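Geometric and topological summary
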Amino acid sequence: MLKSTKDNMWFTFSESSLYININLTKMKKHCRKFSLLLLGLIMVQAGVLHSQNFKVTLDKSVNGTFTLEPQLPADGAYPAGTVVTVNPKPDAGYAVDAVYYSIPGMWGQMYTEFPAPPFRVTVDREMHIGVSYIEESAVDHINVTQDIVYAKPGVKTLKYDVYSPKGAKDLPCIIIIHGGGWRSNDENIMRGLARELTKGGKFVVFSIDYRWAGPGDGDARPNTMADLIGDVFGAIAHIMEHAAEYGGDPARIGVTGDSAGGHLSAVAAVMADKIGDGGFGETAGVFEFMPSYIPENKTVDQVRTETMASIKAAAPSYGVFGGSLLNHYSDNPAADDTWKEAVAPLSNIPEAKDRAVPHYLTRGTLDPLIKDEAVKEYVDALVKAGQRAEYVQVGGASHAFFDWKPDERTKSTFYKYGVYYAAEMKAFFLSTLYN
């Protein structure tokens, strides 16, 4: 700390911040002193940050190796801000699944992945760096197009990936919505499921991202559940506009997702009639979702009508459909339980005679987050409305068995449960999107 008690001026700095307190009545008198001290402190601060190093741990790769450029220093730490290029080298018969870095987070080790070049990581904290490989036979049947931007309503650029069987033409579309407590992960975590659903060449699969609820994206105004739902409908509108470019039929869409994505996929299936520009809770009793993307040649009413007609089926996995786990994430003083009901699929199921949306639901019997009773409540409500509903309990499975991450534990869980039940899900979509 540097200070001048006579002039009521003090300055403190740390590695991450600089604090200044000044008696403004004496600002003019001491302007020169203040400027010199401030300049000196900024220079010191910059020097501190520049000299900081972060430890990088290299994860062991299976079925391939990798090198870093620049090479990891002998002490295992890079200077802050170093941009590292990762050069993967798969073994014969294998392909790059993703280059990644990971840090501790909400659900243990959290991964940021780069499934396609450029494989560059900026070192701005302690982290692990690694490469995940996969058998070529698991991916050689598809063309993967990544990071298609559909909107940018806030800080985060919203995008989706496309998994299209080679030679695809007029195939039904399956849209996957990832989980993560509405506040973590991105579309990459669902690529294992996407690859399984494309096997057999019957579907084009789109895996979408959306804003995180709350302040996690860095937006000045925290994102609400209505914002996330608007993103989902915006992504669907963009996909419908461009599906034919990837061999997809925009008039035949199935939606799926796990955990938070299970909730959002159910919303997309049963609540597309709530698409509109009337605002969410701005007028008493009016709860509408404005898509974050609207095609230039369409109105929001047209998007609503076309979305309702195109979504033919839903397969929400271990999702939240109502109850205490659901949150509207609004800080509006007027928000009450009606706001929560307005984002709950359980409270907004259409009658099948008006709009049929068959459901295929799964849940692991050892899932500690999603209870059997909660899923059954939604299934019973679907049946009461005349909707077709199939509910499968996956014996021995916990939560998130459809996720795909670079670590071997997640991969082995997916191979044990995800592969089989992805095939069952695909059979469901065959029965609903090809009839």
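Please read these numbers as outputs of a predicted model, since none were measured by experiment.

What counts, and where the lines are drawn
- Residues numbered from 1 in each chain as written.
- Predicted model: local features only at pLDDT ≥ 70, side-chain atom pairs only at ≥ 80, totals over all residues.
- Heavy atoms only, no water.
- Helix = DSSP H or I, 4+ residues; strand = E, 2+ residues; numbered from the N terminus.
- Buried < 20%, exposed > 50% of the residue type's maximum accessible area, 1.4 Å probe, protein only.
- Polar contact = N/O pair within 3.5 Å; in protein donor to acceptor, adjacent residues only side chain to side chain.
- Contact = heavy atoms within 4.5 Å.
- Axes fitted to C-alpha atoms, helices over the stretch in contact; angles between N-to-C directions.
- Parallel < 35°, antiparallel > 145°, perpendicular 65-115°, else oblique.
- Left-handed = near helix turned anticlockwise from the far one by under 90°.
- Nonpolar A, V, L, I, M, F, W, Y, C, P; charged D, E, K, R; others polar.
- Phe/Tyr/Trp six-rings, centres within 6.5 Å; stacked < 30°, edge-to-face > 60°.
- Pairing = 2+ DSSP bridges.
- Core = buried A, V, L, I, M, F, W, Y, C linked by side-chain atoms within 4.5 Å.
- Expected span 1.5 Å × (residues − 1).
- Salt bridge = Lys/Arg side-chain N within 4 Å of Asp/Glu carboxyl O.

For Gln387, the position within the fold is in the loop between helix H7 (372-384) and strand E19 (389-394). On the basis of relative accessibility, which here comes to 6%, the residue Gln387 falls in the buried class. Among the polar contacts made by the side chain of Gln387, one reaches the main-chain carbonyl oxygen of Pro350 at a distance of 3.0 Å. Of note is the side chain of Gln387, whose polar atom sits 2.7 Å from the backbone nitrogen of Val357. If we skip the residues at most four places from it in the chain, Gln387 touches Ile349, Pro350, Glu351, Ala352, Arg355, Ala356, Val357, Pro358 and Leu382.

So, on to unusual backbone geometry. A negative phi angle is the norm for most residues apart from glycine, just as the trans form is the norm for most peptide bonds. Across the junction of Glu69 and Pro70, the peptide omega takes the value 0°, indicating a cis bond. Mapped onto the fold, Pro70 is located in the loop between strand E5 (64-69) and strand E6 (77-79). In the segment running from Pro117 into Pro118, the intervening peptide bond is cis, with an omega of 0°. With respect to the element layout, Pro118 can be found in the loop between strand E9 (108-114) and strand E10 (120-123).

Put simply, helix H2 (residues 191-198) and helix H8 (residues 408-433) touch, their axes get as near as 9 Å, and they point 45° apart. Taken together, H2 and H8 sit at an angle that is classed as oblique. Read as a crossing pair, H2 and H8 show a hand that is right-handed. Contacts between H2 and H8 involve Gly192, Leu193, Glu196 and Leu197 from the former and Phe414, Val419, Ala422, Met425 and Lys426 from the latter. Counted by class, the contact of H2 with H8 contains six nonpolar, one polar and two charged residues.

Per the counting criterion, the structure on display carries 23 aromatic pairs. Judged by centre distance (6.4 Å) and plane angle (65°), the rings of Phe203 and Phe429 are edge-to-face. Of the two residues, Phe203 is situated in the loop between H2 and strand E15 (204-208) and Phe429 in helix H8; the sequence distance between them amounts to 226 residues. Given a relative accessible area of 0%, Phe203 falls into the buried group.

The strand order E12-E13-E15-E14-E16-E17-E18-E19 describes an open sheet built from eight strands, whose pairing is mixed. Single-partner strands in this sheet number two, and they are strand E12 (142-151) and E19. This sheet shows a mean twist of 20° between the axes of neighbouring strands, independent of strand direction. Strand direction decides the pairing type here: strand E18 (residues 359-364) and E19, joined by six bridges, are parallel. Looking at E19, one finds that His359 is bridged to Ala389. Running over the sheet, H2 touches E12, strand E13 (158-165), strand E14 (171-177), E15 and strand E16 (248-258) and is turned about 30° from E13.

The subject of this paragraph is the pairing of E14. Counting buried residues along E14, seven of its seven residues qualify, which places the element largely inside the surrounding structure. Looking at chain direction, E14 and E16 are connected through seven bridges and run parallel. Residue pairing across strands places Ile176 opposite Thr256, the latter belonging to E16. In this sheet, E15 lies alongside E14 in parallel orientation, the contact comprising five bridges. Of the residues in E15, the one forming a bridge with Cys173 is Val204.

If you walk across this open sheet you meet the five strands as E6-E4-E11-E8-E9, and the pairing is mixed. Two strands bound the open sheet, and with one partner strand each, they are E6 and E9. Ignoring strand direction, the axes of neighbouring strands in this sheet form an average angle of 35°.

The subject of this paragraph is the nonpolar core. Core analysis: the biggest nonpolar cluster contains 97 residues, and Trp182, Phe206, Phe233, Ile236, Phe402 and Phe429 have the highest contact counts within it. It is helix H3 (residues 225-242) that contributes the most residues to this core, 11 residues altogether. Ignoring sequence-local partners within four residues, the contact set of Ile236 consists of Ile175, Ile253, Ala268, Thr307 and Ile311. In this structure, Val99, Tyr101, Val121 and Val131 belong to the second largest nonpolar core, which totals 17 residues.

Moving on: H3. Here H3 contains 18 residues, and its C-alpha end-to-end distance of 26 Å stays within 8% of the 26 Å for a straight helix at 1.5 Å per residue. Judged by how many residues are buried, H3 sits mostly within the fold: 17 of 18 residues are covered.

As a further point, take the pattern of salt bridges. In the structure shown here, the tally under the stated rule is 18 salt bridges. Between Asp227 and Arg221 there is a salt bridge, with the nearest N and O atoms lying 3.1 Å from each other. For Asp227, a relative accessible area of 14% corresponds to the buried category. Judged by its relative accessible area of 46%, Arg221 falls in the partly exposed class. Among the salt bridges present, the one from Glu408 reaches Lys411, with a minimum N-O distance of 3.9 Å. Taken as a pair, Glu408 and Lys411 lie in helix H8 at a separation of three residues, close to a single helical turn. Residue Glu408 is classed as partly exposed on the basis of its relative accessible area of 47%. Residue Lys411 is classed as buried on the basis of its relative accessible area, which comes to 7%. A single network of salt bridges, built from pairs that share partners, joins Asp97, Glu113, Arg191 and Arg195.

Right, let's get into the packing of H3 against helix H4 (residues 260-270). Across the interface, H3 lies against H4 with an axial gap of 10 Å and an inter-helix angle of 65°. Where H3 crosses over H4, the handedness of that crossing is right-handed. Of H4, the residues touching H3 (which contributes Met225, Ile229, Val232, Phe233 and Ile236) are His263, Leu264, Val267 and Ala268. In terms of residue class, the contact of H3 with H4 is made up of eight nonpolar, one polar and no charged.

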